[in-house]
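# Summary of the model geometry
Letter by letter, the chains look like this.
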Amino acid sequence: MQVVCLQEEAFYALFTKVIEHVESKRQDTLDRWIDGEKAMSILRIKSTTTLQKLRDEGKIRFSQPQKKIILYDRESIMEYIEKHARETF
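Residues numbered from 1 in each chain as written. Predicted model: local features only at pLDDT ≥ 70, side-chain atom pairs only at ≥ 80, totals over all residues. Heavy atoms only, no water.

Naming follows an unreviewed UniProt entry, where the chain appears as Helix-turn-helix domain-containing protein of Euzebyella saccharophila.

Below, the discussion takes up the overall build of the chain. On a plain count of helices and strands, the chain comes out with four helices and three strands. Expressed as lengths along the three principal axes of its C-alpha atoms, the size of the chain is roughly 60 × 40 × 20 Å. If you take every contact in the chain between residues at least 6 apart in sequence, the share linking residues at least 24 apart comes to 50%. For the chain, the accessible surface area stands at approximately 8,200 Å², while carbon and sulfur atoms represent 52% of it. Put simply, the chain has 16 plus and 15 minus side-chain charges, and the middle of one group is 9 Å from the middle of the other. (Helix = DSSP H or I, 4+ residues; strand = E, 2+ residues; numbered from the N terminus. Contact = heavy atoms within 4.5 Å. Areas by Shrake-Rupley, 256 points an atom, 1.4 Å probe, with all protein chains shown as cover. Lys, Arg positive; Asp, Glu negative; His and termini not counted. Charge placed at Lys NZ, Arg CZ, Asp CG, Glu CD.)

This brings us to the pattern of salt bridges. One pass over the structure, following the stated rule, counts three salt bridges. In this structure, the salt-bridge partner of Glu57 is Lys59, at a minimum N-O distance of 3.1 Å. According to the relative accessible area criterion, Glu57 is partly exposed, its value standing at 43%. Each of Arg32, Arg61 and Asp73 takes part in a single network of salt bridges with overlapping partners. (Salt bridge = Lys/Arg side-chain N within 4 Å of Asp/Glu carboxyl O. Buried < 20%, exposed > 50% of the residue type's maximum accessible area, 1.4 Å probe, protein only.)

Attention now goes to the UniProt feature "domain: Helix-turn-helix" (unreviewed entry) in the chain. Using the residue numbers shown here, the UniProt feature "domain: Helix-turn-helix" (unreviewed entry) corresponds to residues 37–84. Counting secondary structure, residues 37–84 comes out at 54% helix and 21% strand; the distance between its end C-alpha atoms is 21 Å. (UniProt positions renumbered as here; feature names shortened; annotations may be inferred.)

Structure representation (structure tokens):
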């Protein structure tokens, strides 16, 4: 077994690169279009009526490829959450 010593700055630079690499790979695996259950989970809501209201008011994007299948745009949900974020004092 070999022991590698790094200076503190080099360690944090390496750590940052590893995090960036992992996150870039993770974003590739996220689906852009998600079902209502996942959308409600991200929005932290429990009511399908609330999800429908957001959809009907044009606050989040959706696609309806078939009559009973409604998919939601993950990016628009994240934009909606970010739009309603409040800055701390």
